[in-house]
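For reference, the chains in residue letters:
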Amino acid sequence: MKHINRKNIIIAVTAIVLLSVIVSGITIFNLRKTTPYEYLQNHFNESESAVYPSQLLYQTNDESNENIIIVFYANKNGGFNCAILEKTMLSFKLLDSSGSLFFGDDKTQYKYGYYTGSYLGSWYDYDGQRKALFWGINKDESVEKLLVDGKESECAEINDDNGINFKLFWIIGDWEDSPDFREIQAQATE
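Residues numbered from 1 in each chain as written. Predicted model: local features only at pLDDT ≥ 70, side-chain atom pairs only at ≥ 80, totals over all residues. Heavy atoms only, no water.

**Q** What am I meant to see in the environment of Leu120 here?
**A** Along the chain, the position of Leu120 falls in strand β7 (residues 119-126). Leu120 gets classed as buried once you look at its relative accessible area, which sits at 3%. (Helix = DSSP H or I, 4+ residues; strand = E, 2+ residues; numbered from the N terminus. Buried < 20%, exposed > 50% of the residue type's maximum accessible area, 1.4 Å probe, protein only.)

**Q** How should the nonpolar core be read in this particular structure?
**A** The biggest cluster of nonpolar side chains holds 23 residues, and the ones touching the most others in it are Phe72, Tyr124, Leu133 and Trp135. Within the residue set of this core, elements represented by two or more residues are β2 (65-75), β3 (80-87), β7, β8 (129-138), β11 (154-159) and β12 (165-173). With residues near it in sequence (within four places) discarded, Phe72 still touches Leu56, Leu57, Tyr58, Asn81, Cys82, Trp135, Leu168 and Trp170. In this structure, Tyr37, Tyr39, Leu40 and Phe44 belong to the second largest nonpolar core, which totals 12 residues. (Core = buried A, V, L, I, M, F, W, Y, C linked by side-chain atoms within 4.5 Å. Contact = heavy atoms within 4.5 Å.)

**Q** Is there a simple way to explain the sheet that holds strand β1 (residues 53-62) in this structure?
**A** In a beta sheet, neighbouring strands are held together by backbone hydrogen bonds and run either parallel or antiparallel to one another. Taken in spatial order, the four strands line up as β1-β2-β3-β4 in an open sheet, and their pairing is antiparallel. At either end of the open sheet lies a strand with only one pairing partner, and these are β1 and β4 (92-97). Taking each pair of neighbouring strands and ignoring which way they run, the sheet shows an average axis angle of 30 degrees. Where β3 lies against β4, five bridges are found, and the strand directions are antiparallel. Bridge pairing in β4 links Leu85 to Leu94. (Pairing = 2+ DSSP bridges. Axes fitted to C-alpha atoms, helices over the stretch in contact; angles between N-to-C directions.)

**Q** Explain the side chain of Glu86 here, please?
**A** Within the fold, Glu86 resides in strand β3. Despite its burial, Glu86 pairs with no opposite charge, the nearest such side chain being Lys93 at 4.4 Å. In contact with Glu86, not counting residues within four places along its chain, are Asn67, Ile68, Ser91, Phe92, Lys93, Leu95 and Tyr126. (Lys, Arg positive; Asp, Glu negative; His and termini not counted. Salt bridge = Lys/Arg side-chain N within 4 Å of Asp/Glu carboxyl O.)

**Q** How should I be thinking about the environment of Asp125 in this particular structure?
**A** Counting through the fold element by element, Asp125 comes out in strand β7. When the C-alpha positions of Asp125 and Leu95 are compared, they lie 7.4 Å apart, and in sequence the two are 30 residues distant. In this structure Asp125 touches Leu95 and Arg130, once residues within four positions along its chain are discounted.

Structure representation (structure tokens):
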């Protein structure tokens with residue numbers, strides 16, 4: 001009789017361990033399928049957060065580190081935000097979420113922003129280094145690029161769900177304070 005009970009216990013323990021491994025594998029697989037934007041939607045509470053994502057505008061990686069993901073999105077209040085995420089083994093980790101930029105009533109002027117009125121800064125720590133990401137939006141079609149302390153920023157043209165077209169500028173560096181911004185107008189070609 002003892003031999004049968006021991007055999008049943010071994011079978012039961014093996015079944016429980018096997019079931020746990022299968023459930024863990026399915027959970028990990030589902031977590032890995034989540035996009036950075038979906039992670040943000042799950043991270044922020046839709047009813048309480050003013051920065052809850054309502055539309056993905058643009059997503060990119062830090063050129064110097066593929067584990068850092070930058071997500072630009074429109075929030076539920078009509079503003080624009082930036083989130084900096086770290087890719088982890090199972091999902092993502094939010095390193096920083098910026099304040100919001102808004103277009104004014106005529107859709108051309110900004111209602112809020114610092115750093116030259118239309119750019120925001122976010123600082124984050126990764127792997128023992130302090131990094132800064134400055135970003136902004138601009139509807140002026142004559143602005144071709146943005147120089148930040150003499151270094152050219154990245155740029156993407158955005159057409160959002162509300163029919164608003166604008167340029168999105170961003171740059172990552174090691175600034176401790178706000179750098180010098182200079183918008184460069186497009187040069188007329190002859």
